[in-house]
Amino acid sequence: MKDRESSSNTPVAHLADHSVGRVRFVDLQIQMDALEPEVSRAVARVLHNCDFILGSDVEAFESEFAEYCGVEHCVGVDSGMSALELILRAADVGPGDEVITQANTFIATVASIQAVGATPVLVDCDGRGDIDVAAVADAVTPRTRAIVPVHLFGRICDIASINEIAARAGVDVFEDAAQAHGARLGDGRAGSFGLASAFSFYPGKNLGAAGDGGAVVTDSEILSDRLRTLRNYGQREKYVHIGVPMNRRLDSVQAAVLRLKLRHLDEWNAAREVLADAYRERLAAAGIDLPRREDPGRHVYHLFTIEVDGRDRLRNELSREGVETGIHYPVPCHQQPCVAHLGYRPDAFPMAESRARRTLSLPMFPELTSRDVDVVSDAVLRHCQR
Ligand SMILES: *Cc1c(COP(=O)(O)O)cnc(C)c1O
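First things first, this report covers the structure right here in the doc. Within each chain, residue numbers correspond to sequence positions counted from 1 in written order. Reporting in this predicted model follows two pLDDT cut-offs: at least 70 for local features of residues, and 80 or more for side-chain atom pairs to be given and counted; totals over whole chains, interfaces and linings ignore these cut-offs and use all residues. Side-chain figures throughout are based on the complete set of non-hydrogen atoms in the structure, without hydrogens or water.

## A word on the overall build of the protein chain
Here comes step 1: Think of it this way: any DSSP run of H or I at least four residues long counts as a helix, any run of E at least two long counts as a strand, and we number them from the N terminus. Regarding its fold elements, the protein chain presents 13 helices and 13 strands.
Here comes step 2: Computed over the C-alpha atoms, the radius of gyration of the protein chain is 21 Å, within 12% of the 21 Å expected from 2.2 N^0.38 for a compact globule of 386 residues.
Here comes step 3: A principal-axis box enclosing the C-alpha atoms of the protein chain has dimensions of 60 × 55 × 40 Å.
Here comes step 4: Taking the intrachain contacts of the protein chain between residues at least 6 apart in sequence as the baseline, contacts between residues at least 24 apart amount to 71%.
Here comes step 5: On the protein chain, roughly 16500 Å² of surface is accessible, and the fraction owed to carbon and sulfur atoms is 50%.
Here comes step 6: His is not counted, nor are the chain ends, whereas Lys and Arg count as positive and Asp and Glu as negative. Charged side chains are reduced to one point each, which is NZ for Lys, CZ for Arg, CG for Asp and CD for Glu. In the protein chain, the 42 positive side-chain charges and the 56 negative ones have mean positions that sit 3 Å from each other. Radius of gyration here is computed from C-alpha atoms only, and the compact-globule reference equals 2.2 Å multiplied by the residue count raised to the power 0.38. Residues are treated as being in contact if the distance between any of their heavy atoms lies within 4.5 Å. Reported accessibility uses the Shrake-Rupley method at a 1.4 Å probe radius. Residues are deemed covered only where the shown protein chains occlude them.

Have a look at this one:
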C-alpha cells in the first residue's frame, strides 16, 4: 500500500495523480516529505550517539506515550503482534487457557493467542463490527483467562460492557488498540481501559514508525516489569535468562521517529475525523451503510469503511477510475487455514462473514484533501446507483 505507482516518474507524483483523478488508499509520502528535516535530525542523533538498543529515545518515547495514553507504564517492542503475545506471556496465559476474541480482526490478534499455546475462542461481531458483547458472555468457560476486544478501524468498542463481563467472570481484558492510537472515550484513551493494551506502529497506522514497532501500555507495575524482562532475553540480570528467552525490543531509531510523530497525532486524528464527516455528508444519499458519527474522538478513523452489496464490482469500478480501496478483511479469522485445527464451521459467524463480503475501505489518511473526498464520493455514487 505504500508502493509508489511505478508509472509515476514525476517528482510531484501526487499532484499529477490528482489531475487525473487518482486517489491513493494511503499516501505516506506527503507526511514523510513534510517531516523529512525533523526525521533526519532525529535519526542522525541516534546514529551520532550509537545509542541503538534500548537507548535514551526508547526510554523517552515510553514515558511520553504512557503519559499520552494516561497510563503508568509503556514498554516498547518490535511489533504489534509482539505486544499482544508478550502481554499474554506476562499474564501467564498458556496451554489449556482460553482467550476470547472476535472473528473479524487482523490475524495478529488470533495468532498471538496461538503463539503462547493458548486456545483462541472466536466470537461474532455485531452490526457495527464490534465484538458481540452477548456472544462474549456466552463464550466464557472455566478455562477462560482473558478477553481481547479490538478497537477495529479506530473506534473504541463497547469496552465498558466487556469490562463488566470480565469482572463477573474474574478474567482479564487486554485491548488490541493497534488501530486506535489516541481514540478517546470519557476521560480515557484507547489502551487505558484494560489491564494491558497492545499498539502497533506499522507505518500505515495512525502513529506509524519508519519500519516495524509496537508497544504495551499498562498501569500494572508487575506486568510492565515482566514485559521489560520478556522483550530482552528474559534478563533481569545481565546474562541470566528466565522464561522463554527472546528478543522483541523496539529500536532506538524507531523510537526517535515515533517521538516526533507523536506530537502530531492529535492533529492528524482530528483531520481524519473531518474527512470522515465529509465522506458521510457526500455519501448520505447513496443508501450505503456508513460508519455512524461518534462522540468527538471516539473514532480516529484508521480506516473509513463502508458496507455495500456488490462490493467487488464497486471496487473494480473505482480501481478503473484510479481510486484505490482496501478490504478489511476479506477472509474472517475462523476461515483461515492457520486455525483449521480448531474446527470452526465456515458459516459459524454470519455477521463477520457478511462483513467480509460487503466492507470496503475508502482512501483515508490525514493529508487526504476534501477534493479527494469529492472524487472518491462521486465515483462511489456513480457506481452504486447503477
Ligand atoms: C496492525 C495490527 C496488529 C499487528 O501489528 P503489527 O505491528 O503488524 O504486528 C494487530 N492487531 C490489529 C487489529 C492490527 O490492525
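## Some details on the packing of helix H4 (residues 80-90) against helix H5 (residues 107-115)
Here comes step 1: Only the contacting stretch of a helix is used when fitting its axis, a line to C-alpha atoms as for every element, and angles between N-to-C directions run 0 to 180 degrees. Relative to each other, H4 and H5 sit at 40°, their axes nearing to 9 Å. Judged on the interaxial angle alone, H5 and H4 are oblique. H4 and H5 meet at a crossing whose hand is right-handed. Contacts from Met81, Leu84, Glu85, Leu88 and Arg89 in H4 reach Ala108, Thr109, Ala111, Ser112, Ile113 and Ala115 in H5.
Here comes step 2: Here the residues of the contact of H4 with H5 are counted per class, giving 7 nonpolar, 2 polar and 2 charged. When describing relative orientation, an angle under 35 degrees is termed roughly parallel and one over 145 degrees roughly antiparallel, while 65 to 115 degrees is termed roughly perpendicular and anything else oblique. Crossing handedness is defined as follows: a turn of the near helix away from the far one that is anticlockwise and smaller than a right angle gives a left-handed crossing, while the clockwise case is right-handed. Gly falls in the polar group here, along with every residue not listed as nonpolar (Ala, Val, Leu, Ile, Met, Phe, Trp, Tyr, Cys, Pro) or charged (Asp, Glu, Lys, Arg).

## Some details on the packing of aromatic side chains
Here comes step 1: Only rings of Phe, Tyr and Trp enter the pairing, Trp through its six-membered ring, and a pair is recorded when the two centres are within 6.5 Å. The plane angle decides the type: under 30 degrees is stacked, over 60 is edge-to-face, the rest tilted. Overall, the coordinates contain 9 aromatic pairs when judged by the stated rule.
Here comes step 2: Consider the rings of Phe65 and Phe201, whose centres lie 5.6 Å apart with planes at 80°: the pair is edge-to-face. With Phe65 in helix H3 (residues 56-69) and Phe201 in the loop between strand S8 (196-200) and strand S9 (214-218), this pair connects stretches of sequence that are 136 residues apart.
Here comes step 3: You can call Phe65 buried: its relative accessible area is 0%.
Here comes step 4: The interplanar angle of 50° and the centroid separation of 5.7 Å between the aromatic rings of Tyr344 and Phe349 together place this pair among those described as tilted. We call a residue buried when its accessible area falls under 20% of the maximum for its residue type, exposed when it is over 50%, and partly exposed in between, using a 1.4 Å probe and counting protein chains only.

## Let's talk about the nonpolar core
Here comes step 1: Formed by 39 residues in total, the largest nonpolar core has its most connected members in Phe61, Phe65, Val136, Ile147, Phe201 and Leu207.
Here comes step 2: Counting only elements with at least two residues in this core, the list comes to H3, strand S3 (119-123), helix H6 (133-139), helix H7 (159-169), S9 and helix H9 (252-262).
Here comes step 3: Among residues more than four places away in sequence, those in contact with Phe61 are Phe201, Leu207, Leu250, Ala255, Leu258, Arg259 and Leu262.
Here comes step 4: Only buried residues count toward a nonpolar core, which is a set of Ala, Val, Leu, Ile, Met, Phe, Trp, Tyr and Cys residues joined through side-chain atoms within 4.5 Å. Core analysis: the next-biggest nonpolar cluster, separate from the first, contains 26 residues, Tyr279, Ile288, Ile306 and Leu368 among them.

## Things to note about the environment of Asn49
Here comes step 1: With respect to the helices and strands, Asn49 occurs in helix H2 (residues 28-49).
Here comes step 2: The class of Asn49 is partly exposed, set by a relative accessible area of 46%.
Here comes step 3: When the C-alpha positions of Asn49 and Arg259 are compared, they lie 17 Å apart, and in sequence the two are 210 residues distant.

## Quick look at empty space enclosed by the protein
Here comes step 1: Here a cavity is any set of points on a 1 Å grid over the protein atoms alone where a 1.4 Å probe fits but cannot get out, and a pocket is any open set with protein on both sides within 12 Å along at least 5 of 7 lines; a residue lines the site when it has an atom within 4 Å of a point. Grid points are joined across faces, edges and corners, and a volume is the space filled by probe spheres set on the points. Under the criterion given, the structure shown has 4 cavities of 30 Å³ or more.
Here comes step 2: Each pocket or cavity is described by its volume, and for the largest cavity that value is around 90 Å³.
Here comes step 3: Taken together, Ala103, Asn104, Leu152, Phe153, His328, Tyr329, Val331, Pro332, Ala352, Arg355, Ala356 and Thr359 make up the full set of residues lining the largest cavity.
Here comes step 4: Here the lining of the largest cavity gets 3 residues from one element, more than from any other, and that element is helix H12 (residues 350-358).

## Considerations on the sheet that holds strand S1 (residues 73-77)
What links the strands of a sheet is backbone hydrogen bonding, and the strands pair in either a parallel or an antiparallel sense.
Here comes step 1: Strands are treated as partners if at least two bridges between them are detected by DSSP. Read across the open sheet, the 7 strands follow the order S1-S9-S8-S5-S4-S2-S3; overall the sheet is mixed. Because the sheet does not close on itself, it has two edges, and the strands there are S1 and S3. Pairwise comparison of adjacent strand axes, ignoring direction, gives a mean angle of 25° for this sheet.
Here comes step 2: Alignment of S1 against S9, held across 5 bridges, turns out to be antiparallel. Bridge pairing in S9 links Cys74 to Val217.
Here comes step 3: Against the sheet, H4 contacts S1, strand S2 (98-102), strand S4 (144-148), strand S5 (172-176), S8 and S9, and its axis sits at roughly 165° relative to S8.

## Some remarks on the site of the ligand
Here comes step 1: Note on definitions. A residue lies near a molecule or strand when any single heavy atom of the residue is within 4 Å of it. In the region of the ligand, 15 residues are neighbours, and Gly80, Asp176, Gln179, Ser200 and Lys205 sit closest.
Here comes step 2: Contacts to the ligand include Gln179, whose side-chain N or O atom sits 2.8 Å from an oxygen atom.
Here comes step 3: Bound to the protein, the ligand loses 91% of the 380 Å² it would expose on its own.
Here comes step 4: Of all elements in the fold, only H4 and H5 reach the threshold of two or more residues within the shell around the ligand.
Here comes step 5: Tallied by class, residues from the shell around the ligand come to 6 nonpolar, 7 polar and 2 charged. Here a polar contact is recorded for every N or O atom pair within 3.5 Å, except that within protein the pair must consist of a potential hydrogen donor and a potential acceptor, and residues adjacent in sequence are included only if both atoms are side-chain atoms.

## A word on H3
Here comes step 1: A helix is expected to span 1.5 Å multiplied by its residue count minus one. Under the 1.5 Å per step criterion, the end-to-end length of H3 is 20 Å for 14 residues, consistent within 8% with the ideal 20 Å.
Here comes step 2: Among the residues of H3, those classed as buried are Asp57, Val58, Ala60, Phe61, Glu62, Phe65, Ala66, Tyr68 and Cys69.
Here comes step 3: At the C-terminal side of H3, Gly70 shows a positive phi close to 75°.

## Concerning a negative patch on the surface
Here comes step 1: A cluster of acidic residues, Glu72, Asp219, Glu221 and Asp225, forms a negative patch at the surface.
Here comes step 2: With respect to the helices and strands, the residue Asp225 is situated in helix H8 (residues 221-230). Nonpolar side chains (Val, Leu, Ile, Met, Phe, Trp, Tyr) are joined into patches within 5 Å and like charges within 9 Å, using only residues with over 30% relative accessible area and no salt bridge. Note on definitions: salt bridges are taken to be side-chain nitrogens of Lys or Arg within 4 Å of carboxyl oxygens of Asp or Glu.

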